[in-house]
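Secondary and tertiary structure notes
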Amino acid sequence: MKVLQIKKYGEIRKGLAFENVDKPKIQNKDILIAVKAASINPIDYKIVEGKLKDMLTLNLPVTIGYDVSGVVVEKGTDVSNFEIGDEVYARVPQEQMGTVAEFVAVNNELVSLKPENISFEQASGLPLTGLTAIQALESVGIKEGDRILIHAGSGGVGSFAIQYAKAKGAIVYTTTSTKNVDWVKALGADRVIDYKTENYKEVANNLDIVFDTLGDDYTFDAFEIIKVGGKVTTIVGPPDKETAKQMGMTDYKLPEKLLKLIEEKSAVYKLTWMQPNKKQLNDIKIMVENGTIKPIVDLIYPFEDGIDAVEYLATGRAKGKVIISLADIY
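Residues numbered from 1 in each chain as written. Predicted model: local features only at pLDDT ≥ 70, side-chain atom pairs only at ≥ 80, totals over all residues. Heavy atoms only, no water.

1. Some details on the overall build of the chain
- If you tally the helices and strands in the chain, you get 12 helices and 16 strands.
- By the compact-globule yardstick of 20 Å for 330 residues, the chain fits well, its C-alpha radius of gyration being 20 Å.
- Taken along its principal axes, the extent of the C-alpha atoms in the chain is 55 × 45 × 40 Å.
- For the chain, the residues scored as buried account for 55% of the 330 residues in total.
- Counted over contacts in the chain with a minimum sequence separation of 6, partners at least 24 positions apart contribute 69%.
- For the chain, the accessible surface area stands at approximately 14,600 Å², while carbon and sulfur atoms represent 47% of it.
- Of the charged side chains in the chain, 40 are positive and 46 negative; the average position of the first set lies 2 Å away from that of the second. (Helix = DSSP H or I, 4+ residues; strand = E, 2+ residues; numbered from the N terminus. Rg over C-alpha atoms; globule rule 2.2 N^0.38 Å. Buried < 20%, exposed > 50% of the residue type's maximum accessible area, 1.4 Å probe, protein only. Contact = heavy atoms within 4.5 Å. Areas by Shrake-Rupley, 256 points an atom, 1.4 Å probe, with all protein chains shown as cover. Lys, Arg positive; Asp, Glu negative; His and termini not counted. Charge placed at Lys NZ, Arg CZ, Asp CG, Glu CD.)

See below:
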């Protein structure tokens, strides 16, 4: 079968290549998915560029991608909740990385039936971003009436988080660039902050929650605009102690600057290291089918243009998800 693989770290076009490999063999609990679409995420191009070498140990070459949607074509002897022909979607775990491929084998306990009212391309864009947003917001107990700032509302995680937070009854502030203000407003945000013309710290303050999707100074600055007892949830900042343990970091200590900010505001601080979750995928399916969540797709590339798709995502200009479609292969 044909796959898109990372051959070496560095420049995206030089680091990626299409290769032919053996079709995966399934284990007793696995299903084999004929891939119809795979979405790519910032983690994918960061891996290619070598920016995550210290966190992820990979034996190159390795096939790229974590998000997949497609059709079940084989199932293991212990699989009873899926049938051949079922349309499914999933975010595969790190050890099964490699969804930009003609076939993917996945443990059935990590897979959900895809939403019936959307395409394979739309479905493939939901798992990583949706699970990340849900886990990050639920880690700080988002609830009705919470005032929350979600950074980068036009991104994959941000656009899902806006819709999820609104569904929870929160009052949502979000940041984006001038060209995306109207587009992000249509997602349901109560106040869209154009970071090119406005200072978000002057607009949004005394908040219950800040969802940090940007990192660096944005993580620390979040404490300026939360109320006493407020919460900062991040997907890019330093780990909290619990998450550090989950990531296998022994003898970890929070940075002194961060610890001081937490103490000054009596704040809750949480880094989410997203994990595949079948139940939450099922929840996303229901929310999509009832119209609570709308998948946001920027561009769809055919399989043969997969390297172009990764390069485009790395520009940071995508509004929503970038998808690689294999629908024409079968």
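Structure's up, so let's keep going.
2. A few points about the pairing of strand E1 (residues 2–6)
- For E1, the buried fraction is high: 4 of the 5 residues fall into the buried class.
- Here E1 pairs with strand E2 (residues 16–20) via 5 bridges, running antiparallel. Within E2, the position partnered with Val-3 by the bridge is Glu-19.
- Sheet topology places E1 next to strand E4 (residues 62–63); 2 bridges connect them, and they run antiparallel. The partner of Ile-6 across the bridge, within E4, is Val-62. (Pairing = 2+ DSSP bridges.)

3. Thoughts on the nonpolar core
- Counting 78 residues, the largest nonpolar core has Leu-16, Ile-148 and Ile-284 as the members making the most contacts within it.
- For Ile-284, the residues in contact, after removing those within four places along its chain, are Tyr-89, Leu-126, Gly-130, Leu-131, Ile-134 and Phe-160.
- Leu-149, Phe-220, Val-232 and Leu-258 belong to the second-largest nonpolar core, a separate cluster that totals 21 residues. (Core = buried A, V, L, I, M, F, W, Y, C linked by side-chain atoms within 4.5 Å.)

4. What about the packing of aromatic side chains?
- All chains considered together, the criterion is met by 4 aromatic pairs.
- Judged by centre distance (6.0 Å) and plane angle (25°), the ring pair of Tyr-200 and Tyr-218 falls under stacked. Taken together, the residues Tyr-200 in helix H7 (residues 200–203) and Tyr-218 in helix H8 (residues 217–225) connect sequence positions 18 residues apart.
- Lying across the ring of Phe-18, Lys-2 places its NZ or CZ 5.0 Å from the centre.
- One residue, Lys-257, lies across the ring of Phe-220, its end atom 4.5 Å from the ring centre. (Phe/Tyr/Trp six-rings, centres within 6.5 Å; stacked < 30°, edge-to-face > 60°. Lys NZ or Arg CZ within 6 Å of the ring centre and 35° of its normal.)

5. Overview of unusual backbone geometry
- Cis geometry is found at the peptide bond from Leu-60 to Pro-61, where omega equals 0°.
- Structurally, Pro-61 is set in the loop between helix H2 (42–48) and E4.
- Unlike most non-glycine residues, Ser-266 shows phi in positive territory, near 45°.

6. What about the environment of Val-62?
- Within the secondary structure, Val-62 sits in strand E4.
- For Val-62, a relative accessible area of 15% puts it in the buried group.
- Along the primary structure Val-62 and Gln-5 are separated by 57 residues, whereas in three dimensions their C-alpha atoms are 5.3 Å apart.
- If we ignore the near neighbours within four places in the chain, the residues touching Val-62 are Leu-4, Gln-5, Ile-6 and Met-97.

7. Regarding the pattern of salt bridges
- On inspection of all chains with the given rule, the structure shows 19 salt bridges.
- Residues Asp-283 and Lys-279 are paired through a salt bridge, measuring 3.1 Å at the closest nitrogen-oxygen approach. On the criterion of helical spacing, the pair formed by Asp-283 and Lys-279 is a turn pair, its members being 4 residues apart in helix H11 (residues 278–289).
- The closest approach of N and O atoms between Glu-289 and Lys-285, which form a salt bridge, is 2.9 Å. Of the two residues, Glu-289 and Lys-285 both sit in helix H11, 4 residues apart, roughly one turn of that helix.
- With relative accessibility at 15%, the residue Lys-285 sits in the buried group. (Salt bridge = Lys/Arg side-chain N within 4 Å of Asp/Glu carboxyl O.)

8. Digging into the sheet that holds strand E12 (residues 207–212)
- In spatial order, the strands read E11-E10-E9-E12-E13-E14; together these 6 strands make up an open sheet with parallel pairing. Of all the strands in the sheet, just strand E11 (191–194) and strand E14 (268–271) have a single pairing partner and so form its edges. For this sheet, the mean inter-axis angle between neighbouring strands, taken without regard to orientation, is 15°.
- Two elements, strand E9 (residues 147–150) and strand E10 (residues 171–176), share 4 bridges in a ladder whose sense is parallel. (Axes fitted to C-alpha atoms, helices over the stretch in contact; angles between N-to-C directions.)

9. Topic: the sheet that holds E4
- Sheet architecture is open: 3 strands sit in the order E2-E1-E4, paired in antiparallel fashion. Here the strands that pair on one side only, and so sit at the sheet edges, are E2 and E4.
- Packed onto the sheet, helix H12 (residues 306–314) meets E1 and E2 and runs at close to 150° relative to E2.

10. Some remarks on helix H5 (residues 156–167)
- The terminal C-alpha atoms of H5, which comprises 12 residues, lie 17 Å apart, in line with the 16 Å expected from a rise of 1.5 Å per residue.
- Of all 12 residues making up H5, 10 are buried, and the element is well covered by its neighbours. (Expected span 1.5 Å × (residues − 1).)

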